[in-house]
Amino acid sequence: MSYSILLIYMFPAIVLVIPLYVMFSRVGIRDSINLLILVYLAQTLPVALYMLRSYFQTLPPEMEQAGLIDGCSRLGVIWRIVIPLSAPALASVALYTFMIAWNEFLFAFMFLDTPEKFTLSRGVVQLAGSVHLSKQLVMAASVMVTIPILVLFLFFERRLVQGLTAGAMKG
Amino acid sequence: MASLTLKAITKRFGKVMALSCVDLHVEDGEFCVLLGPSGCGKSTLLNIIAGLILQDEGTVLLDGKSVDRLFPRDRDVAMVFQSYALYPHMTVAQNLEFGLRMRGVPKPTIQELVLESAHLLGIEDLLDRKPRELSGGQRQRVAMGRVMVRRPRLFLLDEPLSNLDARLRASVRLELKQLHRKIQSTILYVTHDQVEAMTLGDKVVVMRNGKVHQIDQPETIYARPADTFVAGFIGSPEMNLYQGRLFQKDGRSHFQGAGFSLDLGGLKPNVGQGEVEVGIRPEDIEICHSATALRGKVEMISNIGSEKYLHVGLGNVSLTVRAPKEANFQPGQIILLTIDPDRLHIFHEGRRI
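What you see is a predicted model; the values in this text were computed from it and never measured.

Draft legend 1. Region of interest: the overall build of chain A. Of regular secondary structure, chain A possesses nine helices and zero strands. Ordered by position from the N terminus, the helices and strands of chain A form the series α-α-α-α-α-α-α-α-α. Projected onto its principal axes, the C-alpha coordinates of chain A cover approximately 65 × 40 × 25 Å. Burial statistics for chain A: of 171 residues in total, 32% are counted as buried. In chain A, which carries 11 positive and 8 negative side-chain charges, the distance between the mean positions of the two groups comes to 2 Å.

Draft legend 2. Expanded view of a nonpolar patch on the surface. Residues and elements named next belong to chain A. A cluster of nonpolar side chains, namely Tyr 3, Leu 6, Ile 8, Tyr 9, Phe 11, Ile 14, Val 15, Ile 18 and Val 22, defines an oily patch on the protein surface of about 870 Å² accessible area. Residue contributions to the nonpolar patch peak at four residues, all from helix α2 (residues 13-27). Along the chain, Ile 8 turns up in helix α1 (residues 2-8). You can call Ile 8 exposed: its relative accessible area is 55%.

Draft legend 3. View of the state of the cysteines. Residues and elements named next belong to chain B. Evaluation of the coordinates by the stated rule reveals zero disulfides over all chains. We note that Cys 21 lacks a disulfide partner, and the nearest cysteine sulfur, in Cys 40, lies 16 Å from it. In this model Cys 40 remains outside any disulfide bridge; the closest cysteine sulfur is found in Cys 32, 13 Å from its own.

Draft legend 4. Region of interest: the packing of helix α3 (residues 92-102) of chain B against helix α4 (residues 107-121) of chain B. Residue and element names in this part refer to chain B. Relative orientation of the contacting elements α3 and α4 amounts to 140°, with a least axis distance of 10 Å. Considering their axes alone, α3 and α4 lie oblique with respect to each other. For the crossing formed where α3 meets α4, the hand is right-handed. From α3, Leu 96, Glu 97, Leu 100 and Arg 101 reach across to α4, where they touch Ile 110, Gln 111, Leu 113 and Val 114.

Draft legend 5. Layout of the interface of chain A and chain B. Of the residues lining the interface, 23 residues belong to chain A; the matching set on chain B comes to 28 residues. With both chains or domains summed, chain A and chain B bury close to 2200 Å², and 62% of this area falls on carbon and sulfur atoms. Linking chain A to chain B there are one salt bridge. Note that Asp 70 of chain A is salt-bridged to Arg 150 of chain B, the shortest N-O span being 3.1 Å.

Draft legend 6. Representation of the nonpolar core within the structure. All names here are of chain B. Counting residues in hydrophobic clusters, the biggest one holds 48 residues, and the most contacted among them are Leu 4, Leu 6, Leu 45, Ile 49, Leu 156 and Leu 188. Ignoring any residue separated from it by four or fewer positions in sequence, one finds Leu 188 in contact with Leu 4, Leu 24, Val 26, Cys 32, Leu 34, Leu 46, Ile 49, Phe 155, Leu 156 and Leu 157. Formed by 44 residues, the second largest nonpolar core is a distinct cluster that contains Tyr 84, Leu 113, Leu 157 and Phe 233.

What counts and what doesn't
- Residues numbered from 1 in each chain as written.
- Chains lettered and ligands numbered in written order.
- Predicted model: local features only at pLDDT ≥ 70, side-chain atom pairs only at ≥ 80, totals over all residues.
- Heavy atoms only, no water.
- Helix = DSSP H or I, 4+ residues; strand = E, 2+ residues; numbered from the N terminus.
- Buried < 20%, exposed > 50% of the residue type's maximum accessible area, 1.4 Å probe, protein only.
- Lys, Arg positive; Asp, Glu negative; His and termini not counted.
- Charge placed at Lys NZ, Arg CZ, Asp CG, Glu CD.
- Patch = residues over 30% accessible without salt bridge, like charges linked within 9 Å, V, L, I, M, F, W, Y side chains within 5 Å.
- Areas by Shrake-Rupley, 256 points an atom, 1.4 Å probe, with all protein chains shown as cover.
- Salt bridge = Lys/Arg side-chain N within 4 Å of Asp/Glu carboxyl O.
- Disulfide = S-S within 2.5 Å.
- Axes fitted to C-alpha atoms, helices over the stretch in contact; angles between N-to-C directions.
- Parallel < 35°, antiparallel > 145°, perpendicular 65-115°, else oblique.
- Left-handed = near helix turned anticlockwise from the far one by under 90°.
- Contact = heavy atoms within 4.5 Å.
- Buried area = accessible area lost by both parts, 1.4 Å probe.
- Core = buried A, V, L, I, M, F, W, Y, C linked by side-chain atoms within 4.5 Å.

In short, the description is geometric, and any link to function would need to be established separately.
Structure representation (structure tokens):
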């Protein structure tokens, strides 16, 4: 069942983008940032769930049972025990999905028409297409676009490496 | 504290019968041990009492009141897991506080209770540490502390000592016994280790394949096992058990096994005749020089230091006999054995007669 999620990712984006383009154009909601957010969400959520699911499965069920007996509700167990323990997994999944959305080009290229709404990756291409601008400026723009990802990566790196569950169980 | 009563608890996992019709009563303040080989359903039973899984049939009563419809947190029981299941992102103090905080106990009271439990268990110095900085024994103590602070009505302990090394296990076992005497709590303790069961329990429940085989005091379990399973499971080395026939001759009962026979004297005239199993514990066999004794050949000797166990060939069967540590036997030697008929355990169709 969970593998079918990954199977869907084997479809190239271009196969999806054409019917979506037609659909959104007919409904008349195509040129919009909110729409793009929705598309990115739909694109990254399954893989995020897949990654988190396999992490949650590694958490010992006894810990959740202990929480239940200690007086938590089901939601309380998730909030007070599962989420704090999942910080590294949540961080890496967040970084991963952010990277996908940040670097995404095809959907932004197809769906957005108004330059004011362009995403950065789409904007850089717009710059590159302009004959009046020097190539150096386009290069500088590309570098600037990668900086946020770089900073985020450095910031998250420490959390990604260490696991938190050490010491909960025996041995 | 509370008394615990189980009435006809039944649980199936798919087609597998995990528990069938388990009845049990644990008195207020009693230390009850569930003993059985792995997979006999004892942990399942504990989870049902805690409310973590639901039984298919039957009722769990605390102090005579059914708790079947209550969530785990409302049952007011506490559980120590085999793996301890400490919260790794919290310090020891926070681990101990957690249950009290969840129940809205006022802060000063929490502090007091945590310190008191920590003192009782000797873990005051560890309160600021995280579980990963503790040794196995220390983690075990914290796990005990976490359930003790709450003063629950019932303690459930699921093989709490099985992750400790042998020496530590023995000392923690003694501490646990003392602790129980101090706090006088009702405890249900699950183990597959008969030494733990015999030393800790006021009452021992022997289980196999989801069925209760015997509920008794440890002494009775050892001295009068209810069936062949209990007889073989309790005691180390195992009781010697032999298939054979019982018959009457000249007003006396005799047992004829494969390769040896026993005169049972005037014992058990009500048994009559038929297929039986007789059991004799290794320490109940006497090595002697009587001419009427059984003749056996020593095949192997296990020396465990405090005593020796001789594996003796007797006809087609082999027999384990306890010998004092000073005894000097050699493999191949012929020895004479006598068995007191009063010490025999006789089973018909698996049940004691």
